[in-house]
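# Coordinate inspection notes
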Amino acid sequence: MNSEDRRGGSDEQRERILSSAVKLLADAGPSALSTRAVAAAAGVQTPTLYRLFADKDGLLDAVASFGFESYLAEKRAFEPSDDPVDDLRRGWEVHVEFGLANPAIYTLMYGNLRPGRRPAAAAENRAILRGMLERAKVQGLLRVPVEAAVVAIEASTTGAVLLLLAQPEQARHAQLIRPLRDIVLDALVEQATPRADDRSHIADRAQSLLAIVTPADNADPVVDAGFSVFEAGLLREWLARLNEAHEPTGGSNPV
């Protein structure tokens, strides 16, 4: 067998292994992704899996990127509009929709991150987001440095989706976290067409999200999603401060 044939065989084996792993992930969750189980499902020997992916971490990275490919394809084909702020808003929606439709892949991508390791698909997604923010900066709409905006948007989108995925399936409604999207974007960018009542809108959104993440019946939805008690308290403090800071002062309330 020549080297080209071997490469073709390896590519076919790699795709079969990844397809089998994604199916295992969807059917049984991350705990099902042992190298032995994936190799058996793909009909290959375990040494073959290690030859192609080096170790389990390499396999998990490849599975995440493979499962995330449809999302990335949509983001790569994203046609920018004249309004980069609206593009960021649409990008947020695409991200949330993918996460809610593919909970196992999303949790593998963003729920098991370790310092110093970032799946290739997550790195590409960050580069696409950075490009959108660079456009906003060029138009003078960005209030903070690009990298700070990248971190803020990544933290808010992934944290919000993971929070929803921790809820029963019937309670995972994208509109519950939409106020967070608007709060974050209002804080990071100038609107291309400013609204006269932006301050009251921010207060309303902060208040709505605060109601969602407030503990009830001895359960804290933020802590249940995997955040620490300190982080949960900090999130609620920020939302309360946004609510107070953006309340209209003086005059009649806008309708």
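Now for a description of the structure that goes with this document. (Residues numbered from 1 in each chain as written. Predicted model: local features only at pLDDT ≥ 70, side-chain atom pairs only at ≥ 80, totals over all residues. Heavy atoms only, no water.)

### A closer look at the overall build of the chain
A tally of regular secondary structure across the chain gives 12 helices and 0 strands. N-terminal to C-terminal, the α/β element order of the chain is α-α-α-α-α-α-α-α-α-α-α-α. Within the span of the chain, comprising 255 residues, buried residues form 42% of the whole. In the chain, 66% of the contacts between residues at least 6 apart in sequence involve partners at least 24 apart. Surface summary for the chain: the accessible area is close to 13,700 Å², and the carbon and sulfur share equals 54%. (Helix = DSSP H or I, 4+ residues; strand = E, 2+ residues; numbered from the N terminus. Buried < 20%, exposed > 50% of the residue type's maximum accessible area, 1.4 Å probe, protein only. Contact = heavy atoms within 4.5 Å. Areas by Shrake-Rupley, 256 points an atom, 1.4 Å probe, with all protein chains shown as cover.)

### Looking at the packing of aromatic side chains
Inspection of every chain in the model, using the stated rule, returns 5 aromatic pairs. Here the aromatic rings of Tyr71 and Phe98 are separated by 5.3 Å at their centres, their planes lie at 45°, and the arrangement is tilted. Of this pair, Tyr71 sits in helix 4 (residues 56–76) while Phe98 sits in helix 5 (residues 84–101), and the two are 27 residues apart along the sequence. Owing to a relative accessible area of 1%, Tyr71 belongs among the buried residues under this scheme. Given the relative accessible area of 7%, Phe98 is considered buried. Between Tyr106 and Tyr110, the aromatic rings sit 4.9 Å apart at their centres with planes inclined by 45°, giving tilted as the arrangement. Remark: Tyr110 and Tyr106 occur in helix 6 (residues 103–110); sequence separation between them is 4 residues, near one turn of the helix. Ring pairs connect the aromatic residues Phe68, Tyr71, Phe98, Tyr106 and Tyr110, which therefore count as one cluster. (Phe/Tyr/Trp six-rings, centres within 6.5 Å; stacked < 30°, edge-to-face > 60°.)

### Quick look at the packing of helix 4 against helix 7 (residues 120–138)
Helix packing for two helices is described by the angle between their axes and how far apart those axes are. Viewed as axis vectors pointing N to C, helix 4 and helix 7 meet at an angle of 25°, and their least axial separation amounts to 7 Å. What the angle tells us is that helix 4 and helix 7 run roughly parallel. Between helix 4 and helix 7, the residues in contact are Asp61, Ser65, Phe68, Tyr71, Leu72, Lys75 and Arg76 and Ala120, Ala121, Glu124, Asn125, Ile128 and Met132, respectively. Across the contact of helix 4 with helix 7, the residue classes tally to 7 nonpolar, 2 polar and 4 charged. (Axes fitted to C-alpha atoms, helices over the stretch in contact; angles between N-to-C directions. Parallel < 35°, antiparallel > 145°, perpendicular 65-115°, else oblique. Nonpolar A, V, L, I, M, F, W, Y, C, P; charged D, E, K, R; others polar.)

### Describing the environment of Leu33
Relative to the elements of secondary structure, Leu33 occurs in the loop between helix 1 (3–28) and helix 2 (35–42). Those residues in contact with Leu33, other than ones at most four positions away along the chain, are Ala21, Leu24, Leu25, Val38, Lys56, Leu60, Val63 and Leu108.

### Considerations on the side chain of Glu154
Here Glu154 shows up in helix 8 (residues 146–165). Residue Glu154 is classed as buried on the basis of its relative accessible area, which comes to 12%. One polar contact links Glu154 to Arg126, side chain to side chain, over a distance of 2.6 Å. If near-sequence neighbours (up to four positions away) are discounted, Glu154 is found in contact with Arg118, Arg126, Leu129 and Gly159. (Polar contact = N/O pair within 3.5 Å; in protein donor to acceptor, adjacent residues only side chain to side chain.)

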